[in-house]
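So you can see what is in the structure, the chains are spelled out below.
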Amino acid sequence: MGELDGLTAVVTGGAAGIGLATARRLAASGASVGVLDRAVDDAPSDLFAVQCDVTDSDAVVAAVAAVADRFGGLDILVNNAGIGAAGTVEDNSDAEWHHVYDVNVVGMVRASRAALPFLRRSQHAAIVNVCSIAATAGLPQRALYSATKGAVLSLTQAMAADHLPEGIRVNAVNPGTADTPWVTRLLEAAPDPAAERAALEARQPTGRLVPPDDIAAAIAYLAGPAAGSVTGTTISVDGGMQALRLRK
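Quick caveat, the model's predicted, so the values are computed rather than measured.

A. Expanded view of the nonpolar core. In terms of nonpolar packing, the biggest core is built from 33 residues, with Leu36, Val60, Val64, Leu74, Leu119, Ile127 and Ile168 touching the most fellow members. Elements with a contribution of two residues or more to this core: helix H2 (57–71), helix H3 (94–119), helix H4 (143–163) and strand E6 (169–175). No other element matches the 9 residues that H3 contributes to this core. One finds Ala9, Ala220, Ala227 and Val237 within the second-largest nonpolar core, a separate group that totals 29 residues.

Here is the structure:
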């Protein structure tokens, strides 16, 4: 018997990186899992994949409904879809600011809004938002990205307050720099990828990037019945980056 037997989950941005690790973890725990992503051709065949862009409200509504129809309801929403941005406040255009907010913040709003009618019928309803260490620590060259994740942190707390009376728990995870395809692409674009990776690893007290499976484990806990008394909370999965100041 798996901890999530009989439950159904939607994971946005679930075809790669943290989202894919989360979808696999939820499925391994017994959940039926629907993966929403812009590109689903490479999604594992054992997951129900639906092509969806979180900036398209109609597409999000249809995709969430498709998962609920396929499995007979919905219990868990993992808002993971997001994009990055580099630079100071001088470096990103107005259009890029609007686009990254549209994906990282309003995308979560769209998915949550689409899921709520189904979650209200569940006895184990939970939403988990994937936030970031960038919401709580000042990181260089991440002004736009950090601003969106700060909004996600505040949104999580507001949603938790709004929907607790309906029996819906809302929490977040704050990953540190994760070892994902997105980070790999950033490293490959750096003048010295090896040196950049070493710098990112050194920034975390554990001395390594955060494995997506570690983040997925925290998400699965927050999403499951074992966290029935946990809401409005953020779990840091950051290798100690936020809390620790080690002496070298």
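B. Representation of unusual backbone geometry. The backbone of Gln141 sits at a positive phi, close to 65°, despite the residue not being glycine. By the secondary structure assignment, Gln141 is in the loop between strand E5 (126–130) and H4. Take Gln141: its relative accessible area is 42%, and that puts it in the partly exposed class.

C. Quick peek at the sheet that holds E5. Judged by pairing direction, the sheet is parallel, and its 7 strands sit side by side in the order E3-E2-E1-E4-E5-E6-E7 without closing on themselves. Of all strands in the sheet, those with a lone pairing partner are strand E3 (48–51) and strand E7 (234–237), marking the two edges. The average angle at which neighbouring strand axes cross in this sheet is 20°, direction not considered. Across the sheet, H3 lies against strand E1 (8–12), strand E4 (76–79) and E5, angled at about 180° from E4, the strand it touches most. The sheet contacts of helix H7 (residues 212–223) involve E4, E5, E6 and E7, and relative to E6 the element is tilted by about 170°.

D. Looking closely at the packing of helix H1 (residues 17–28) against H7. The interhelical angle for the contact between H1 and H7, taken along N-to-C directions, is 55°, at an axis separation of 8 Å. Judged by the angle between their axes, H1 and H7 are oblique. As for how H1 packs across H7, the hand of that crossing is right-handed. Contacts between H1 and H7 involve Gly17, Ile18, Ala21, Thr22, Arg25 and Leu26 from the former and Pro212, Asp213, Ile215, Ala216, Ala217, Ile219 and Ala220 from the latter. Along the lines of polarity and charge, the residues of the contact of H1 with H7 split into 9 nonpolar, 2 polar and 2 charged.

E. Local environment of the pairing of strand E2 (residues 32–37). Counted residue by residue, E2 has 5 buried out of 6 residues, so it is predominantly covered. The sheet contact formed by E2 and E3 spans 4 bridges and is parallel. For Asp37, the partnering residue across the bridge sits in E3 and is Gln51.

F. Representation of the domain arrangement of the protein chain within the structure. Partitioning the protein chain into domains gives domain 1 (8–175 + 211–235) and domain 2 (179–209). Taking the mean C-alpha position of each, domain 1 and domain 2 sit 24 Å from one another. Each partner contributes residues to the interface: domain 1 has 9 residues there, and domain 2 has 8 residues. At the junction of domain 1 and domain 2, the tally comes to 1 salt bridge. Of the charged contacts, one joins Arg208 and Asp214 as a salt bridge, the two residues approaching to 3.8 Å between their closest N and O atoms. Applying the counting rule to domain 1 against domain 2 returns 0 residue pairs in polar contact (both at pLDDT 80 or more).

G. Summary view of the packing of aromatic side chains. Under the counting rule described, the total for this entry stands at 2 aromatic pairs. Considering the side-chain rings of Phe48 and Phe71, the 5.9 Å spacing of their centres and the 85° angle between planes classify their relative orientation as edge-to-face. Of this pair, Phe48 sits in strand E3 while Phe71 sits in helix H2; the two residues are 23 residues apart in sequence, bridging distant segments of the chain. Where Trp97 meets Tyr101, the ring centres are 6.3 Å apart and the plane angle is 20°; that geometry is what we call stacked. With a gap of 4 residues between them, Trp97 and Tyr101 both fall in helix H3, about one helical turn apart. The class of Trp97 is partly exposed, set by a relative accessible area of 23%.

Cut-off values and rules
Residues numbered from 1 in each chain as written. Predicted model: local features only at pLDDT ≥ 70, side-chain atom pairs only at ≥ 80, totals over all residues. Heavy atoms only, no water. Core = buried A, V, L, I, M, F, W, Y, C linked by side-chain atoms within 4.5 Å. Buried < 20%, exposed > 50% of the residue type's maximum accessible area, 1.4 Å probe, protein only. Helix = DSSP H or I, 4+ residues; strand = E, 2+ residues; numbered from the N terminus. Pairing = 2+ DSSP bridges. Axes fitted to C-alpha atoms, helices over the stretch in contact; angles between N-to-C directions. Contact = heavy atoms within 4.5 Å. Parallel < 35°, antiparallel > 145°, perpendicular 65-115°, else oblique. Left-handed = near helix turned anticlockwise from the far one by under 90°. Nonpolar A, V, L, I, M, F, W, Y, C, P; charged D, E, K, R; others polar. Domains from an automatic or database assignment. Salt bridge = Lys/Arg side-chain N within 4 Å of Asp/Glu carboxyl O. Polar contact = N/O pair within 3.5 Å; in protein donor to acceptor, adjacent residues only side chain to side chain. Phe/Tyr/Trp six-rings, centres within 6.5 Å; stacked < 30°, edge-to-face > 60°.

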